[in-house]
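Residues per chain are reported as follows:
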Amino acid sequence: MSEQTGTGEPVVPPDATGGLDPEALEAVIAAPGARFRHDYLEIRDLRVVFDGFVAVDGVDLTVTQGDLRFLIGPNGAGKTTIVDAITGLAPAAGSVQFGGVELVGKPSHKIVRAGVGRTFQTASVFDELTVLQNLDIAAGAGRGPWTMLRRRHVVPPEVEAALETVGLTQVRDLPAGVLAHGQKQWLEIGMLLVQDARLLLLDEPVAGMSQAEREETGLLLQRIGEQRTVVVVEHDMEFLRAFASSVTVLHQGRVLSEGTVAQVQADPRVVEVYLGSGAHGRGRGMAASAAEPAASTEVE
Ligand SMILES: Nc1ncnc2c1ncn2[C@@H]1O[C@H](COP(=O)(O)OP(=O)(O)OP(=O)(O)O)[C@@H](O)[C@H]1O
Ligand SMILES: [Mg+2]
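Below: a short report on this structure. Residue numbering note: each chain is counted from 1, following its sequence as written. Chain letters start at A and ligand numbers start at 1, both assigned in the order the entries are written. Per-residue local features of the predicted model are confined to residues with pLDDT of at least 70, and side-chain atom pairs are confined, for both listing and counting, to 80 or more; whole-chain, interface and lining totals are unaffected and use all residues.

## Things to note about the overall build of the protein chain
Okay, step 1: In this description a helix means any DSSP run of H or I spanning at least four residues, a strand means any run of E spanning at least two, and both kinds are numbered starting from the N terminus. Helix and strand counts for the protein chain come out as 12 helices and 10 strands.
Okay, step 2: Evaluated residue by residue, the protein chain yields a buried proportion of 38% over its 300 residues.
Okay, step 3: Taking the contacts inside the protein chain whose residues are at least 6 apart along the sequence as the reference set, 64% of them involve residues at least 24 apart. Each residue is classified by how many other C-beta atoms fall within 10 Å of its C-beta atom, where C-beta atoms are placed from the backbone; a count of 20 or more means buried, 12 or fewer means exposed, and values in between mean partly exposed. Whether two residues are in contact is decided by their C-beta atoms, placed from the backbone, lying within 7 Å.

Quick look at the structure:
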């Protein structure tokens, strides 16, 4: 495993909580090994309006590090728009804080620098370049002079680590274009890791993947989620049941339900949205799978 942070003993002894010196606390927060521990995403009253159409309507969302949060909801619920708003690609009102930094109003490149990375519904890697070159470019984005290192054929340690984490070490010299669909998605996730994204927002990462690739991806996200904050937008209910540690259900731009997989699937409002007339034909097959466990919960 490549993730190196968060190891070692707690810097503040447990019995020191009575009289914490704010400066000492600040030093702890700033310590390299501790920087991930205080990362969390806190969204308050997020609103996105497109020409008078309210796509996101007062969403509150808190996701802590170590939580693998799934965002689900029928087509048009506002899932991608929330990711766009967090990453500066949609006009947002309200507050989005990550690691204590307010993101609303910041341009996208500053949001990337604040440690926020996202993938899109379609993979966006450079097909003609090798896996290593794709990662190298991601490492160089907004950073120091990696060109020198590239010329010397030195693989930066974070690139090496990302290759290992996403399981692409063996194919690092192949053009990305020849990778299997799943491997391309993993490369994209690897690119976020070398960019040092501490909040990863993944928009339908397993769409089009084989069963085996889904399984691999779920395990990869669990691994990454141990030390980073991960939000997954997903329609695949089987994948969600297997890997989500918590779920937020969106409907018409609002949070409809939130909790564990079992809790949201047993929520009558969620069943209504997936089976009710309002969502007819929009759930890409989610309705049956969402309703099934809820129904069995009701029976017991
Ligand atoms: N740039 C835009 N301009 C106008 N309306 C938009 C824009 N982007 C999204 N919308 C609208 O906002 C609503 C939410 O869209 P969004 O793409 O966030 O849904 P979603 O939950 O991601 O759906 P899906 O599951 O289909 O990906 C939809 O009604 C969509 O048509
Ligand atoms: Mg979407």
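## Notes on the environment of L250
Okay, step 1: Of note, L250 is situated in strand β9 (residues 246–251).
Okay, step 2: By C-beta crowding, L250 is classed as buried, having 26 other C-beta atoms within 10 Å.
Okay, step 3: Measuring from C-alpha to C-alpha, the distance between L250 and V270 comes to 9.2 Å, with 20 residues separating the pair along the chain.
Okay, step 4: If sequence neighbours within four positions are ignored, L250 has contacts with L71, G73, A77, G78, K79, V255 and L256.

## Details of the sheet that holds strand β6 (residues 116–118)
Okay, step 1: Whether two strands pair depends on DSSP finding at least two bridges between them. Pairing is mixed in the open sheet, where 6 strands are placed in the order β6-β7-β8-β3-β9-β10. Each edge of the sheet is formed by a strand with only one pairing partner; in this case those strands are β6 and β10 (254–259). Across the sheet, the mean angle from the axis of one strand to that of its neighbour is 20°, orientation sign disregarded.
Okay, step 2: Axes here mean lines fitted to C-alpha atoms, for a helix over just the part in contact, with angles spanning 0 to 180 degrees between N-to-C directions. This element, helix α2 (residues 79–86), spans β3 (68–72), β6, β7 (199–203), β8 (229–233) and β9 of the sheet and lies at about 145° to β7.
Okay, step 3: Strands β9 and β10 of the sheet are contacted by helix α11 (residues 268–275), whose axis makes an angle of about 125° with β10.

## What about the pairing of strand β2 (residues 53–64)?
Okay, step 1: Pairing of strand β1 (residues 40–50) with β2, which is carried by 9 bridges, proceeds in the antiparallel orientation. For Y40, the partnering residue across the bridge sits in β2 and is T64.
Okay, step 2: The turn joining β1 and β2, which pair antiparallel and follow one another in sequence, is formed by 2 residues; a positive phi near 45° is taken by D51.

## Comments concerning the site of ligand 1
Okay, step 1: The environment of ligand 1 is formed by F50, F53, A55, G73, N75, G76, A77, G78, K79, T80 and T81.
Okay, step 2: Those elements giving two or more residues to the shell around ligand 1 turn out to be β2 and α2.
Okay, step 3: Among the elements that line the shell around ligand 1, the one with the most residues is α2, at 3 residues.
Okay, step 4: Put simply, Ala, Val, Leu, Ile, Met, Phe, Trp, Tyr, Cys and Pro go in the nonpolar bin, Asp, Glu, Lys and Arg in the charged bin, and everything else, Gly too, in the polar bin. Classifying every residue of the shell around ligand 1 by side-chain character gives 4 nonpolar, 6 polar and 1 charged. Working rule for contacts: place C-beta from the backbone, and if it is within 6 Å of a molecule or strand, that residue counts as near it.

## Side note on unusual backbone geometry
Among all residues except glycine, the phi angle is most often negative; among peptide bonds, the trans geometry is most common.
Okay, step 1: In this structure, D45 takes a positive phi of about 50° despite not being glycine.
Okay, step 2: By secondary structure assignment, the location of D45 is in strand β1.
Okay, step 3: Its identity as a non-glycine residue notwithstanding, E204 has a phi of 50°, on the positive side.

## A short note on the packing of helix α6 (residues 157–165) against helix α7 (residues 181–194)
Okay, step 1: Two numbers describe how α6 lies on α7: the axes approach to 9 Å, and their chain directions differ by 145°. The handedness of the crossing between α6 and α7 comes out as right-handed. In this structure, α6 uses E158, V159, A162, L163 and T165 to contact α7, whose residues at the interface are G190, L193 and V194.
Okay, step 2: Each residue belonging to the contact of α6 with α7 can be placed in one class, and the counts come to 5 nonpolar, 2 polar and 1 charged. In this scheme the handedness of a crossing depends on how the near helix is turned from the far one: anticlockwise by less than a right angle means left-handed, clockwise means right-handed.

## Topic: the packing of α7 against helix α8 (residues 211–225)
Okay, step 1: Contact geometry for α7 and α8: axes closest at 10 Å, N-to-C directions at 15°. As summarised for this structure, α7 and α8 are arranged roughly parallel, according to the angle between their axes. Crossing hand, α7 versus α8: right-handed. Between α7 and α8, the residues in contact are G182, Q185, W186 and I189 and E213, E216, T217 and L220, respectively.
Okay, step 2: Split by residue class, the contact of α7 with α8 holds 3 nonpolar, 3 polar and 2 charged. Angles below 35 degrees are treated as roughly parallel, those above 145 as roughly antiparallel, those between 65 and 115 as roughly perpendicular, and all remaining angles as oblique.

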